[in-house]
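Remarks on the overall topology
These are the residues of each chain, in order.
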Amino acid sequence: MPDLLKHADAFSGIATDDIAAARVFYADTLGLNVDEENGMLWLCLAGGREALVYPKPDHVPADYTVLNFRVSHIEAAVAELSASGVEFERYDFVDEDAINRCGGPYIAWFKDPAGNILSVLQERS
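What this report covers is the structure whose coordinates are included nearby. (Residues numbered from 1 in each chain as written. Predicted model: local features only at pLDDT ≥ 70, side-chain atom pairs only at ≥ 80, totals over all residues. Heavy atoms only, no water.)

**Things to note about a negative patch on the surface**
A contiguous patch of negative charge on the surface is contributed by Asp9, Asp35, Glu37 and Glu50. Considering the arrangement of structural elements, one finds aspartate 35 in strand S2 (residues 33-37). We classify aspartate 35 as partly exposed; its relative accessible area is 42%. (Patch = residues over 30% accessible without salt bridge, like charges linked within 9 Å, V, L, I, M, F, W, Y side chains within 5 Å. Areas by Shrake-Rupley, 256 points an atom, 1.4 Å probe, with all protein chains shown as cover. Salt bridge = Lys/Arg side-chain N within 4 Å of Asp/Glu carboxyl O. Lys, Arg positive; Asp, Glu negative; His and termini not counted. Charge placed at Lys NZ, Arg CZ, Asp CG, Glu CD. Helix = DSSP H or I, 4+ residues; strand = E, 2+ residues; numbered from the N terminus. Buried < 20%, exposed > 50% of the residue type's maximum accessible area, 1.4 Å probe, protein only.)

**Looking at the sheet that holds strand S6 (residues 106-111)**
The strand order across the open sheet built from three strands is S5-S7-S6, with neighbouring strands paired in mixed fashion. One side of each edge strand has no neighbouring strand; the edge strands of this open sheet are strand S5 (65-70) and S6. Sheet twist, expressed as the mean angle between neighbouring strand axes with direction ignored, is 25°. In this structure, S5 lies alongside strand S7 (residues 117-122), joined through five bridges in parallel fashion. Its bridge partner being in S7, phenylalanine 69 is matched across the sheet by valine 120. Sitting on the sheet, helix H2 (residues 74-83) is in contact with S6 and S7, with an inclination near 145° to S7. (Pairing = 2+ DSSP bridges. Axes fitted to C-alpha atoms, helices over the stretch in contact; angles between N-to-C directions. Contact = heavy atoms within 4.5 Å.)

**Section: the packing of aromatic side chains**
All chains considered together, the criterion is met by seven aromatic pairs. When the centroid spacing of 5.2 Å and the interplanar angle of 85° are considered together, the rings of phenylalanine 25 and tyrosine 26 count as edge-to-face. Each of the two residues, phenylalanine 25 as well as tyrosine 26, counts as buried. Arranged with centres 5.4 Å apart and planes meeting at 65°, the rings of phenylalanine 88 and phenylalanine 110 form a pair that is edge-to-face. One end of the pair, phenylalanine 88, is in the loop between H2 and S6; the other, phenylalanine 110, is in strand S6, with 22 residues separating them in the sequence. An identical accessibility class is assigned to phenylalanine 88 and phenylalanine 110; each is buried. A network of ring pairs unites the aromatic residues Phe25, Tyr26, Phe88 and Phe110 as a single cluster. Of note, arginine 101 hangs over the ring of tyrosine 106, and the distance from its end group to the ring centre comes to 5.3 Å. (Phe/Tyr/Trp six-rings, centres within 6.5 Å; stacked < 30°, edge-to-face > 60°. Lys NZ or Arg CZ within 6 Å of the ring centre and 35° of its normal.)

Printed below as a string of structure tokens:
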């Protein structure tokens, strides 16, 4: 079995059809540190992790969560993000705060400007 990738620096990629809108959303709305390089964005995430946001003109959003943010207090996270203009998805199984509390972690989903699904989640204690 090759060991080449075992120690390689890995990161996730997220496609968008509008880099400028993505920059505003991730930097200003979500408050992340964002670096721009060669027409792409690097999201500086907690724990020294990064995610690449790259332009894709024919982008079609994924129908699954592409990025999760683990938080310690989901109600506070939902309230703070809502105050910043984030609109949470209102699936049939979420409560009045848009939080799914049915099994697994507590989780609330929202979309970036390109329609990619993101979430905040709190592990159950």
